[in-house]
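Okay, here's what each chain looks like letter by letter:
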Amino acid sequence: AAWAEPVKPKRKGPTQRKIPGRTFTMGGDELSGAPGTKQVSLEAYSIDETPVTNAQFREFVKETKYRTDAEKYGWSFVLN
């Protein structure tokens, strides 16, 4: 069986995959610059098979009247 099973859509939009929950080690050793490791547990979740396009996001905003944080607060972070 595949590790990410297809999810039957409950809404219009892209096909999603269900990612099973699991526990994993997050972080790294001193050589990686990470401040150590810890165990992290995630519940199962679904994620789109493909990235959201600008056109799809525009349609979502139009249908839901969604406002980004940048629109709400008048500024946003720029991360490199």
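All values reported here derive from a predicted model rather than from experimental measurement.

Let's shift gears to the pattern of salt bridges. Applying the stated criterion across every chain, the model contains two salt bridges. Across the salt bridge formed by R17 and E49, the nearest N and O atoms sit 2.7 Å from each other. Residue R17 is located in strand β2 (residues 16–19), and its partner E49 is located in the loop between β5 (45–48) and α1 (54–64); the two are separated by 32 residues in the primary sequence. For R17, a relative accessible area of 27% corresponds to the partly exposed category. What makes E49 partly exposed here is its relative accessible area of 43%. Across the pair K72 and D69 runs a salt bridge whose closest N-O atoms are separated by 3.7 Å. Note that K72 and D69 are positioned in helix α2 (residues 69–73) at a spacing of three residues, about one turn of the helix.

All chains considered together, the criterion is met by four aromatic pairs. With a centroid separation of 5.4 Å and an interplanar angle of 45°, the aromatic rings of F60 and Y66 are classed as tilted. When the ring of W75 is compared with that of F77, the centres are 5.1 Å apart and the planes differ by 75°; the resulting orientation is edge-to-face. Each residue in the set F57, F60 and Y66 is aromatic and connected to the rest through ring pairs, giving one cluster.

Quick look at a nonpolar patch on the surface now. Where nonpolar side chains cluster on the molecular surface, the patch consists of V52, F57, F60 and Y66 and spans about 360 Å² of accessible area. The topology assignment puts V52 in the loop between β5 and α1. According to the relative accessible area criterion, V52 is exposed, its value standing at 52%.

What counts, and where the lines are drawn
Residues numbered from 1 in each chain as written. Predicted model: local features only at pLDDT ≥ 70, side-chain atom pairs only at ≥ 80, totals over all residues. Heavy atoms only, no water. Salt bridge = Lys/Arg side-chain N within 4 Å of Asp/Glu carboxyl O. Helix = DSSP H or I, 4+ residues; strand = E, 2+ residues; numbered from the N terminus. Buried < 20%, exposed > 50% of the residue type's maximum accessible area, 1.4 Å probe, protein only. Phe/Tyr/Trp six-rings, centres within 6.5 Å; stacked < 30°, edge-to-face > 60°. Patch = residues over 30% accessible without salt bridge, like charges linked within 9 Å, V, L, I, M, F, W, Y side chains within 5 Å. Areas by Shrake-Rupley, 256 points an atom, 1.4 Å probe, with all protein chains shown as cover.

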